[in-house]
2 protein chains.
Amino acid sequence: MLDPVSRVRRFNRAVTSAVGALDTSFLGRGRPLGAARVLNAIGHGRSDVAEIRDYLALDSGLMSRLLRSLEDEGLIETTAHADDARRRVAKLTREGRREFAAYEALSNAQAESFLAQHSQADALLAAMDLIASALTRERVALNEMDPQSEEARYCLGEYYAELGRRFKQGFDVSLSRDPDARDMRRPRGTFMVAISDTLPIGCVGLKGTDYGYAEIKRLWVAPAARGLRLGRRLMDAAEDAARGLGITLLRLDTNSALPEAGQLYRTTGWREIPRFNDDPYPDLFFEKQL
Amino acid sequence: MLDPVSRVRRFNRAVTSAVGALDTSFLGRGRPLGAARVLNAIGHGRSDVAEIRDYLALDSGLMSRLLRSLEDEGLIETTAHADDARRRVAKLTREGRREFAAYEALSNAQAESFLAQHSQADALLAAMDLIASALTRERVALNEMDPQSEEARYCLGEYYAELGRRFKQGFDVSLSRDPDARDMRRPRGTFMVAISDTLPIGCVGLKGTDYGYAEIKRLWVAPAARGLRLGRRLMDAAEDAARGLGITLLRLDTNSALPEAGQLYRTTGWREIPRFNDDPYPDLFFEKQL
DNA sequence: AGCATTATCTGACTTTAGTCAGATAATGCG
DNA sequence: CGCATTATCTGACTAAAGTCAGATAATGCT
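Not measured: the values here are computed from a predicted model.

Help me understand the protein's contact with DNA strand D, please; the structure alone is not making it clear to me.
Of all residues adjacent to DNA strand D, which total 20 residues, the nearest are Arg65(A), Arg68(A), Asp84(B), Ala85(B) and Arg86(B). Atoms of DNA strand D within 4 Å of the protein: sugar and phosphate make up 65%, bases the balance. Between DNA strand D and the protein, one listed contact pairs a base oxygen with a side-chain N or O atom of Arg86(A) at 3.1 Å. Between a phosphate oxygen of DNA strand D and a main-chain N or O atom of Ala85(B), the distance comes to 2.9 Å. Taken together, the elements giving at least two residues each to the surface near DNA strand D come down to helix H3 (49-56) and helix H4 (60-72) of chain A together with helix H2 (33-43) and helix H4 (60-72) of chain B. The element that contributes the greatest number of residues to the surface near DNA strand D is H4(A), accounting for five residues. Of the residues belonging to the surface near DNA strand D, the class tally is six nonpolar, four polar and 10 charged.

Even after reading the chapter, I still don't get the protein's contact with DNA strand C, so can you show me in this structure?
Surrounding DNA strand C, one finds 20 residues, the nearest of these being Gly34(A), Ala85(A), Arg86(A), Arg65(B) and Arg68(B). When atoms of DNA strand C within 4 Å of the protein are split into backbone and base, the sugar-phosphate part holds 65%. Arg53(B) places a side-chain nitrogen or oxygen 3.1 Å from a phosphate oxygen of DNA strand C. Secondary-structure elements contributing two or more residues to the surface near DNA strand C are helix H2 (33-43) and H4 of chain A together with helix H3 (49-56) and H4 of chain B. If one sorts the elements of the surface near DNA strand C by residue count, H4(B) sits on top with five residues.

Is there a simple way to think about the pairing of strand E4 (residues 190-196) of chain B in this case?
The side chains of a regular strand alternate, first on one face of the sheet and then on the other. All names here are of chain B. With seven of seven residues buried, E4 lies mostly within the body of the structure. Burial along E4 is two-sided: the face carrying Thr190, Met192, Ala194 and Ser196 and the face carrying Phe191, Val193 and Ile195 are both buried. Here strand E3 (residues 141-144) runs beside E4; their pairing, made up of four bridges, is antiparallel. Residue pairing in the sheet places alanine 141 in a bridge with isoleucine 195 of E4. Where E4 meets strand E5 (residues 199-208), seven bridges bridge the pair, whose relative direction is antiparallel. Bridged to phenylalanine 191 within E5 is glycine 205.

What is the right way to look at the relation of the copies chain B and chain A in this model?
Mapping one chain copy onto the other needs a rotation about an axis and a shift along that axis. With an RMSD of 0.5 Å, the operation that places chain B on chain A is a rotation of 180° combined with a shift of 0.1 Å along the axis. Each copy turns onto its partner about a two-fold axis. Scanning chain B for the C-alpha nearest the rotation axis identifies Ala127(B), at a separation of 2.3 Å. When the interface residues of chain B are mapped onto chain A, 100% of them again fall at the interface, so both copies present the same face.

Honestly, the interface of chain B and chain A in this entry has me stumped. Any pointers?
Interfaces are frequently sized by the accessible area removed from exposure as the parts join. Between chain B and chain A, the residue contacts involve 58 residues of the former and 58 residues of the latter. Carbon and sulfur atoms supply 66% of the area that chain B and chain A bury against each other, a total of about 5400 Å² over both sides. One can count 10 residue pairs in polar contact (both at pLDDT 80 or more) joining chain B with chain A. The set of elements that each furnish at least two residues to the side of chain B that touches chain A consists of helix H1 (4-25), helix H5 (94-117), helix H6 (121-135), helix H7 (150-166) and E5 of chain B. With 16 residues, H1(B) is the largest single contributor of residues to the side of chain B that touches chain A.

Scoring rules and cut-offs
Residues numbered from 1 in each chain as written. Chains lettered and ligands numbered in written order. Predicted model: local features only at pLDDT ≥ 70, side-chain atom pairs only at ≥ 80, totals over all residues. Heavy atoms only, no water. Near = heavy atom within 4 Å. Polar contact = N/O pair within 3.5 Å; in protein donor to acceptor, adjacent residues only side chain to side chain. Helix = DSSP H or I, 4+ residues; strand = E, 2+ residues; numbered from the N terminus. Nonpolar A, V, L, I, M, F, W, Y, C, P; charged D, E, K, R; others polar. Buried < 20%, exposed > 50% of the residue type's maximum accessible area, 1.4 Å probe, protein only. Pairing = 2+ DSSP bridges. Least-squares fit on C-alpha atoms with pLDDT ≥ 70 in both. Contact = heavy atoms within 4.5 Å. Buried area = accessible area lost by both parts, 1.4 Å probe.

Following this line, the structure appears as structure tokens:
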């Protein structure tokens, strides 16, 4: 009744029936679920037929027929791939875009009505983020992105907000040594964002310097994604990128108010060194030889 | 990307594919999903054919055929209902119980492996409870139960633990006037447990006294179920039960460290009165004329 | 008793999903 | 160039799910 396994199974049952209702909504537009799923995959930017087939785990014969039926409806057009005429590329027609928008509106309305029904939406959303992150853990992509991209800026904003909450004295970016975006772009450095199904849930910056080492900056993992060893994955990726750039020495600074960060560094080959900058926030300094 | 609707939709996607995997596990025993679902419904105690059909939303023709195929496999037996020979009642045979147990083992193993894969299981379970409660809110049953039943004792244990956390001085049941279970059984009183799909998520006691009034005791709502107005439902049910028992005056005591409780009482027709007992914990006393 | 209602069953469908063995055409590579 | 490989398509299936119009028998109600 109250053991963890029962609780997981209760969640499964609750969600299965809710998701069932969600699926049937996709049937509200007079189209079989398979065709609707393909249309939506195309609408969400997947154009390569093989990619869609792979994503939706469809047999090639079935896929071909579904594409044909969407073509007959006038919702998509397929053309040969520019580089490889065996492959086909699908895109929405004007009418297909309209139909896709209708599905999007349906999904949005469903999500909105769910939110409207529940007063404690914040707690609910946090719980949903946590579960979604856990379920998609193995599908988290680490993408190199511009430090001024929308995704990167979102992560940094969350990062600063968290520092503000966790430092006794708060956190003001302008007092800190905010790294120049140019130092976190190739060839001087890089910036990586962990994306879980479109949602940014973590980041790390590699900042080039002129002093014979590079710095790790802005390591952040969304609260909903903690415990999934994402911090370690981000650090590994940053170190790999550094090696690729010919960097042999890394440094970073952190604060003892972030014990999980210090713990991560200590267990992954970093050693504590004396202060190497005059930033007012950090009180711990590390170095790692690659 | 980060708006609430996107977050809900991300959760839906994550859970849909996870649930898909769950469904296919039901196919591992050489039986179509429909038949497996019916077998499991019967195994979980649903015996009335009409009830199962309703629960699984099956057409009567389809249902009939699924029952036949399970009968042919020797997993179930159907008999006419004792009171109404038109209705049929299905129950598992010995072999059916064995097969059902195999499905149960599969589900448990799946839940266990999910838990094993995730280090922060406590946070994950709390999030799952919250979501499951929200999704099944309209299906929460208020059952009259013995105050010494397993479900009731679970609720009371959680209730005491929460008082311990929220009272500055902690909470020790033995110092409080722990109501005698007999006073919370008919005809003197009653005890109700809110059950969401097998999980107790709230309770309330109605305690009879010899002083011309009854008391409301042990009103508790699980953290995962707050915000769903369950406290109000429990109170309404307790008041209804009191009316049914011919009780016309209710009293209760509470503590100002539980502001949401005081708020609930004040907005539902209770008025504050002077202390009417010598229990060391409460500092607020209410009364309501029915 | 007579008649409408109800629960289930049966037969005759259709639709959707999925499988599999080739066919066709483009590409990569020695 | 020739041949293996690859991506897609077509035809010929099967299985599962679902629909619908009666048939059958028990029940409720007057």
